[in-house]
Amino acid sequence: MRKISSHRRGTSRQLAELGKFLMARRAQVPPSRVGLPDAGKRRTPGLRREEVALLAGVGVSWYTWIEQGRAENVSGEVLDSIARVLMLNDNQRLYLRHLAGVQANYPVPMTTPKAENLQPFVDNWSPNPAYIADHRWNVVIANEAARILLGIRSERYNVLEEFFTSKHVRAAYPAWEQIAPSVVARFRSRAAQHTGDKELQAMVEALASTSPRFAELWEQRDVMEDSCGPEYLTHPATDDLHFTRTALDFTQRIALRMTVYLPVPGTGTEAALRRLSHLTVTPGLDVMEEAR
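All of the points below concern the structure found in this document. As the structure is a computational prediction, the values presented were derived from the model and not from experiment. The residue numbers shown here count from 1 along each chain, following its written sequence. Selection of residues for local features in this predicted model requires a pLDDT of at least 70, selection of side-chain atom pairs for listing and counting requires 80 or more, and totals for whole chains, interfaces and linings are taken over all residues. Hydrogens and waters are ignored; side-chain quantities use all the structure's heavy atoms.

The next thing to look at is the pattern of salt bridges. Each reported salt bridge corresponds to a side-chain nitrogen of Lys or Arg within 4 Å of a carboxyl oxygen of Asp or Glu. Applying the stated rule across the entire model yields 19 salt bridges. As a salt-bridge pair, Glu 51 and Arg 48 come within 3.4 Å of each other at their nearest N and O atoms. Whether a residue is buried, partly exposed or exposed follows from its accessible area with a 1.4 Å probe, protein chains only, as a fraction of its type maximum: under 20%, in between, or over 50%, in that order. Since its relative accessible area comes to 13%, Glu 51 is described here as buried. Judged by its relative accessible area of 40%, Arg 48 is partly exposed. Residues joined in a network through salt bridges with shared partners are Arg 186, Arg 190, Asp 226, Glu 231, Arg 245, Asp 249 and Arg 257.

Here is the structure:
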């Protein structure tokens, strides 16, 4: 399994852009906005370099180097302090971090659209299964095919928890034991982008106490890219199903990901999905039970 490599520092071009961005933003902050007296007309608008450095708790020489694109090892903490002084929003702050080559992820997503607004995204993939989940793998919305095939009910459904605790979900994966390590490795890759999320950490700890197999795999600390791969599923109402699983990301700010199951040509999966489309999911009733 592929390990995550260390993050590269910003290139000289990125650092130069970082400096230009800071100068532009500095010029847009009136001294009065940060509690400084605006004594007389200034030669240039906005804050002076030494004022930004003082308010951010950074040495003037070091801040000057940052604006000149020479600070190759500037830390995320320093950039966050500068962003606070310049009154940057989260997108602008993370833009600074990205240019500097330091971690630039939202620790916890800031907003989540209403589930009903996302329904057309998954419905447009029908009859292929599709669902949208957050960074904790909680399903936000799913189409009918995904609800039938994966047993997604109207109440809370977490892909990782169901995979390791639901006997019905386990039955849907003929090669459950073989793919379990990759499921955990894919989740770890996703979770690594949100290390500040205490609810995610608590979820992992709770699942580890419930599922010894998950706990064992989590301790192995394997990481895999969570973008696409083969998926082999079964359902009591039809033949075996062969898919290519593809993940499509929304913006990083909301940290939602749509997972789509595309039928493998020549496997009879498309015809099987058409047969499954005549089933319906009854809230509170497991689809596996319903199909029997």
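Quick look at the sheet that holds strand S4 (residues 241-249) now. Taken in spatial order, the 5 strands make up an open sheet running S2-S1-S5-S4-S3, and their pairing is antiparallel. Edge positions in the sheet fall to strand S2 (139-142) and strand S3 (228-233), since each of these pairs with one other strand and no more. Shown here is a sheet whose adjacent strand axes are inclined to one another by a mean of 25°, direction ignored. Two strands are said to pair when DSSP picks up at least two bridges between them. In this description a helix means any DSSP run of H or I spanning at least four residues, a strand means any run of E spanning at least two, and both kinds are numbered starting from the N terminus. With 6 bridges connecting them, S3 and S4 associate as antiparallel partners. If you follow Glu 231 over to S4, its bridge partner there is Phe 243. Packing of helix H13 (residues 269-276) onto the sheet brings it into contact with S4 and strand S5 (257-263), and relative to S4 it is tilted by some 80°. Every angle, taken between N-to-C directions, lies between 0 and 180 degrees, and every axis is a line fitted to C-alpha atoms, over only the stretch in contact when it is a helix. Any pair of residues with heavy atoms lying within 4.5 Å of one another is described as a contacting pair.

Another point: the environment of Ala 191. Positionally, Ala 191 belongs in helix H10 (residues 176-191). Considering only alpha carbons, one finds Ala 191 and Arg 136, 55 residues apart in sequence, at a separation of 7.2 Å.

Let's shift gears to the nonpolar core. Tyr 131, Leu 160, Phe 164, Tyr 173 and Phe 187 are the most contacted members of the largest nonpolar core, which totals 38 residues. The biggest single contributor to this core is H10, with 6 residues. Apart from the residues lying within four places of it in its own chain, the contact partners of Leu 160 are Trp 137, Val 183, Phe 187, Met 203, Leu 207 and Phe 214. Put simply, buried Ala, Val, Leu, Ile, Met, Phe, Trp, Tyr and Cys residues joined by side-chain atoms within 4.5 Å make one nonpolar core. Counting 25 residues, the second-largest nonpolar core is a separate cluster that includes Leu 15, Val 85, Leu 88 and Leu 96.

Quick look at the side chain of Asn 128 now. Its location among the elements puts Asn 128 in the loop between helix H6 (115-123) and strand S1 (130-133). Given the relative accessible area of 16%, Asn 128 is considered buried. Among all residues touching Asn 128, those that are not within four sequence positions of it are Asn 143, Ala 145, Tyr 261, Leu 262, Pro 263 and Leu 273.

What follows concerns the packing of aromatic side chains. Classification of ring pairs rests on two measures: the distance between centres of Phe, Tyr or Trp rings, Trp counted by its six-membered ring, which must be within 6.5 Å, and the angle between planes, read as stacked under 30 degrees, edge-to-face over 60 and tilted in between. Overall, the coordinates contain 13 aromatic pairs when judged by the stated rule. With 6.5 Å between their ring centres and 40° between their planes, Tyr 131 and Tyr 261 make a pair best called tilted. Taken together, the residues Tyr 131 in strand S1 and Tyr 261 in strand S5 connect sequence positions 130 residues apart. Judged by relative accessible area, which is 5%, Tyr 131 ranks as buried. Take Tyr 261: its relative accessible area is 2%, and that puts it in the buried class. Between Phe 187 and Trp 218, the aromatic rings sit 6.1 Å apart at their centres with planes inclined by 50°, giving tilted as the arrangement. Here Trp 218 lies in helix H12 (residues 212-220) and Phe 187 lies in helix H10, a separation of 31 residues in the sequence. Of the two residues, Phe 187 and Trp 218, neither departs from the other in class, the shared state being buried. Put simply, the rings of Trp 137, Phe 163, Phe 164, Tyr 173, Trp 176, Phe 187, Phe 214 and Trp 218 pair up and form one aromatic cluster. Working rule: Lys NZ or Arg CZ, within 6 Å of ring centre, within 35 degrees of ring normal, means a charge sits over the ring. Arg 170 extends its terminal NZ or CZ atom over the ring of Trp 176, reaching a point 3.8 Å from the ring centre. Its end group placed over the ring of Trp 218, Arg 188 keeps NZ or CZ at 3.8 Å from the ring centre.

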